[in-house]
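# Architecture and fold: a report
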Amino acid sequence: MTRWCNRWVGRWVSLLCLAIPGLLPVSARAAPPDLGAIEAVRIATEAYIYGYPLVTFDTARKQQTNVVQADAEHAPMGQMIRMRSYPAVDNHCRAAPNADTLYTEAWLDVSKEPVVFSIPDMGNRYYMMPMLSGWSEVIKVAASTTTGSKAQAYAITGPGWSGTLPKGVTQVKSPTGMVWILGRIYSTGTPEDYKAVHALQDQFSVVPLSAWGKPYTPPPGVVDPAFDMKTAVRKQVNALDIEAYFSRLAQLMKTNPPTAQDAAMVAQMARIGLVPGKDYDPSGLGAIDREVLKAVPKLALVEMGIHLKRQKTTNGWLFFTKGVGNFGTDYLTRGMANLLGPGWNRPQDAVYPLSQKDAKGDAYDGSKANYVVRFAKGQLPPADAFWSLTMYDSDFFFVPNALNRYDLAQRDKLITNADGSIDMYLQAESPGKDKEANWLPAPKGKFQLVMRLYAPRKTAPSVLDGSWTPPPVRKAP
């Protein structure tokens, strides 16, 4: 924890003792518990950040699976979600959605039985099907660029499973009972192309291993009418008080256990009553410790926000070319990444440069300025699959606009300058009919940008080795 956190907690503890002198008995004040309030807050803050992806994944899972039967954006556990179009502009279930692919997903529980995930022959259609554990770690990627385009079948097995798999089925070992298949299939967005992708989506399937090769009808979903289906996942998670947050984390760790590399964190969490496989039990903490822990969610969220601000940017763009998707024990970066949005890919599969400030370091604001980003001749984002530049509001959702345009992408017919460069106009009002092909409508307020490079080129120029970097975004003259 940062020094300012320690100082802040220390001051608050002192104020509490002065304001509520009877909160602890005299004996306890004279001989404080072994842990102590500052140490309790330190451990709890680190535990909050450690558990953030698991709680976030579970909330996203609930919001996408809390239905009786599948529709275009939801499906019960163990069934495919086949989004038939780009996410609607008012769909706030998913932060930082894209307008390049049709999401093809499934939420699985493999804690009791493996699930077989089948992919059809994809022809020359780009697709990517990362499989993630409950801790936001990529455990397998089936994609055009990794496993090829032929039909494939994977048995995703849970912790401790052993057994025999059918011939032609490849095992994917998950360290957690919860698994998210966060698939994407490229689409140009035209009615004809949507139809072609739909035909492919309909051939994807997930079935329990015991039903593999047999007629199978999935059971209807069980709906929790009390669950919030409208509020964004990040807002729901961030609104949890520390008791509710740790209780949920403890419950989730029963079927989504920490890994061996998390042993040090597991030992620390036990000191505040968080033990994998057991309910959260803070009874061993003193009254003042439990009172101070109420501040932990805010402290942890600030800590992750500070970590984001500390990240090095290039030309105003923040991006990762290593360490994400497989975070290891870098819990702070993993928490920060999931605060931005759950479901990160490995850099070799996709890189997502993020820009929240212009070339001069000023936050983007469509009510105060127009902006332009210029790509020199031959310097559009180098991606073997495709690239795009997406506009988001301050909460990472699409910006409503008259053109229904949410990104500029490789598929667009962009206007080229006389010298071969390409200017993209980021502003609230039209730059003029002659420039509208290169216009990405912005809100009259704060916004942020995400660039996507799917299957980033591995040879120069490449974002992976730094031989290519996103150009700066400047205020228009």
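Preceding this paragraph is the structure being described.
Notes on the structure in this doc start here. (Residues numbered from 1 in each chain as written. Predicted model: local features only at pLDDT ≥ 70, side-chain atom pairs only at ≥ 80, totals over all residues. Heavy atoms only, no water.)

## Here we look at the overall build of the protein
Along the backbone of the protein there are ten helices and 18 strands. Since a compact globule built from 477 residues should have a radius of gyration of about 23 Å, the 24 Å found for the protein is in line with a globular shape. Taken over the C-alpha atoms alone, the protein extends approximately 80 × 65 × 40 Å along its principal axes. Looking at the protein as a whole, 53% of its 477 residues qualify as buried. A separation of at least 24 residues holds for 74% of the contacts in the protein among residues at least 6 apart in sequence. If you sum the accessible surface of the protein, you get close to 20900 Å²; carbon and sulfur atoms cover 54% of it. Positive and negative charge centroids in the protein, built from 52 and 42 side chains respectively, lie 3 Å apart. (Helix = DSSP H or I, 4+ residues; strand = E, 2+ residues; numbered from the N terminus. Rg over C-alpha atoms; globule rule 2.2 N^0.38 Å. Buried < 20%, exposed > 50% of the residue type's maximum accessible area, 1.4 Å probe, protein only. Contact = heavy atoms within 4.5 Å. Areas by Shrake-Rupley, 256 points an atom, 1.4 Å probe, with all protein chains shown as cover. Lys, Arg positive; Asp, Glu negative; His and termini not counted. Charge placed at Lys NZ, Arg CZ, Asp CG, Glu CD.)

## Focus: the packing of aromatic side chains
Applying the stated criterion across every chain yields a total of 24 aromatic pairs. Between the aromatic rings of Tyr-50 and Trp-135, the centroid separation amounts to 4.6 Å while the plane-to-plane angle is 35°, which identifies the pairing as tilted. With Tyr-50 in helix α3 (residues 37–65) and Trp-135 in the loop between β4 (127–133) and β5 (138–143), this pair connects stretches of sequence that are 85 residues apart. With a relative accessible area of 0%, Tyr-50 lands in the buried category. Ring geometry for Tyr-352 versus Tyr-454: centroids 6.0 Å apart, planes at 85°, classification edge-to-face. Of the two residues, Tyr-352 sits in the loop between β10 (350–351) and β11 (354–355) while Tyr-454 sits in strand β17 (residues 447–456), which places them 102 residues apart along the sequence. (Phe/Tyr/Trp six-rings, centres within 6.5 Å; stacked < 30°, edge-to-face > 60°.)

## Concerning the packing of α3 against helix α7 (residues 263–270)
Packing of α3 against α7 leaves a shortest axis separation of 9 Å and a crossing angle of 130°. What the angle tells us is that α3 and α7 run oblique. For α3 against α7, the interelement crossing comes out left-handed. Of the residues in α7, those in contact with Glu-39, Arg-42, Ile-43, Glu-46, Ala-47 and Tyr-50 of α3 are Met-265, Gln-268 and Met-269. Considering only residue class, the contact of α3 with α7 consists of five nonpolar, one polar and three charged. (Axes fitted to C-alpha atoms, helices over the stretch in contact; angles between N-to-C directions. Parallel < 35°, antiparallel > 145°, perpendicular 65-115°, else oblique. Left-handed = near helix turned anticlockwise from the far one by under 90°. Nonpolar A, V, L, I, M, F, W, Y, C, P; charged D, E, K, R; others polar.)

## Focus: the pattern of salt bridges
Applying the stated criterion across every chain, the model contains 21 salt bridges. Between Arg-411 and Asp-100 there is a salt bridge; the shortest N-O distance is 3.4 Å. With a gap of 311 residues between them, Arg-411 in the loop between β14 (407–409) and β15 (422–427) and Asp-100 in the loop between β1 (80–82) and β2 (101–109) connect regions that are remote in the sequence. A salt bridge links Arg-457 to Asp-384; its shortest N-O distance comes to 3.9 Å. Of this pair, Arg-457 sits in the loop between β17 and β18 (473–475) while Asp-384 sits in strand β13 (residues 383–393); the two residues are 73 residues apart in sequence, bridging distant segments of the chain. Classification of Asp-384 by relative accessible area gives exposed; the value is 53%. Ionic contacts of the salt-bridge type, sharing partners, join the residues Glu-39, Arg-42, Glu-46 and Arg-271 into one network. (Salt bridge = Lys/Arg side-chain N within 4 Å of Asp/Glu carboxyl O.)

## Some points on the side chain of Gln-201
Positionally, Gln-201 belongs in helix α4 (residues 191–201). Residue class for Gln-201 comes out buried when judged on its relative accessible area of 0%. For Gln-201, the contacting residues outside a window of four places in its chain are Arg-82, Met-83, Arg-84, Leu-102, Tyr-103, Thr-104 and Ile-185.

## Observations regarding the environment of Thr-56
With respect to the element layout, Thr-56 can be found in helix α3. Thr-56 gets classed as buried once you look at its relative accessible area, which sits at 2%. For the pair formed by Thr-56 and Gly-134, sequence separation is 78 residues and the distance between their alpha carbons is 9.2 Å.

## Focus on the sheet that holds strand β9 (residues 205–208)
Spatially, the four strands line up as an open sheet ordered β7-β6-β3-β9, and their pairing is mixed. Across the chains shown, the open sheet's two edge strands, defined by having one partner strand only, are β7 (170–173) and β9. With direction set aside, neighbouring strand axes in the sheet form an average angle of 25°. For strand β6 (residues 152–157) and β7, the ladder comprises four bridges, and the chain directions are parallel. (Pairing = 2+ DSSP bridges.)

## Looking at helix α6 (residues 242–252)
Taken together, the buried positions of α6 are occupied by Ile-242, Tyr-245, Phe-246, Leu-249, Ala-250 and Leu-252. The buried residues of α6 all sit within an arc of 165° when viewed along its axis, so they share a single face. Among the structural elements, α3, α5 (233–238) and α9 (296–310) are those in contact with the buried residues of α6. You can read the cap of α6 off the contacts: a side-chain oxygen lies 3.1 Å from the backbone nitrogen of Glu-243, and it is on Asp-241. (Arc of directions from axis to C-beta. Polar contact = N/O pair within 3.5 Å; in protein donor to acceptor, adjacent residues only side chain to side chain.)

## What to know about the pairing of β17
Most of β17 is tucked away, with ten of its ten residues classed as buried. With two bridges joining them, β10 and β17 adopt antiparallel strand pairing. Among the inter-strand pairings, Ala-350 is bridged to a residue of β17, identified as Tyr-454. Alignment of β11 against β17, held across two bridges, turns out to be antiparallel. Pairing of Ser-355 across the sheet is with Leu-449, part of β17.

## Re the sheet that holds β2
Taken together, the five strands give an open sheet; going across it, the order is β1-β2-β8-β4-β5, and neighbouring strands pair in antiparallel fashion. The sheet is open, and its two edges are formed by β1 and β5, each paired on a single side. Across the sheet, the mean angle separating the axes of adjacent strands is 15° when strand polarity is ignored. As paired elements, β4 and β5 share five bridges and run antiparallel to each other.

## A few points about the nonpolar core
Membership of the largest hydrophobic core comes to 106 residues, with the highest contact counts inside it found for Tyr-48, Phe-117, Phe-246 and Leu-274. With 14 residues, the top contributor of residues to this core is α3. Setting aside anything within four residues of it in sequence, one finds Tyr-48 in contact with Val-237, Asn-238, Ile-242, Tyr-245, Phe-246, Val-296, Pro-297, Ala-300, Leu-301 and Met-304. (Core = buried A, V, L, I, M, F, W, Y, C linked by side-chain atoms within 4.5 Å.)

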